[in-house]
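Structural characterization, general
Now for the letters of each chain:
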Amino acid sequence: NVAAWNFVSQDKNTVVLCIYNILGCAAPKSEWIKLRGLDAGADYRVDGTDTVYGGDILMNAGVKRRYDHDFTSEIVVLKKC
């Protein structure tokens, strides 16, 4: 039910993560979304927040998201610190 993909700028300074949920369920489980193509040694800040993740964490563990409504989407922009 969940589709996600990310786009990384050529210099690896900006990442756009797009997540789409098709159908929600009554007891949704969290989804771990792993990104690809980032700089593993860099830190990335979620644009507009103080949340920072390591590039290696984003690619190996991912970010945790949970969706409980039909046809929801999220676009997350990350910038290299």
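Here, every reference points to the structure presented above.
What comes next concerns the included structure. Given the structure is predicted, the values throughout are model-derived calculations rather than measurements.

1. Quick notes on unusual backbone geometry
A positive phi angle, close to 65°, is found at Lys-12, a residue other than glycine. The partly exposed category is assigned to Lys-12, whose relative accessible area is 34%. The backbone of Phe-71 shows a phi angle near 55°, a positive value even though the residue is not glycine. On the secondary structure map, Phe-71 appears in the loop between strand 6 (63-65) and strand 7 (72-80).

2. A closer look at the pattern of salt bridges
One pass over the full model with this rule turns up two salt bridges. A salt bridge links Asp-39 to Lys-80; the nearest nitrogen and oxygen atoms lie 3.2 Å apart. Of the two residues, Asp-39 is situated in the loop between strand 3 (31-33) and strand 4 (43-46) and Lys-80 in strand 7; the sequence distance between them amounts to 41 residues. Residue class for Asp-39 comes out partly exposed when judged on its relative accessible area of 29%.

3. Remarks on the nonpolar core
Of all hydrophobic cores here, the largest spans 14 residues; its most connected members are Val-15, Leu-17, Leu-35, Leu-38, Tyr-44, Leu-58 and Leu-78. At the level of secondary structure, the elements contributing two or more residues to this core comprise strand 2 (14-21), strand 4 and strand 7.

What counts and what doesn't
- Residues numbered from 1 in each chain as written.
- Predicted model: local features only at pLDDT ≥ 70, side-chain atom pairs only at ≥ 80, totals over all residues.
- Heavy atoms only, no water.
- Buried < 20%, exposed > 50% of the residue type's maximum accessible area, 1.4 Å probe, protein only.
- Helix = DSSP H or I, 4+ residues; strand = E, 2+ residues; numbered from the N terminus.
- Salt bridge = Lys/Arg side-chain N within 4 Å of Asp/Glu carboxyl O.
- Core = buried A, V, L, I, M, F, W, Y, C linked by side-chain atoms within 4.5 Å.

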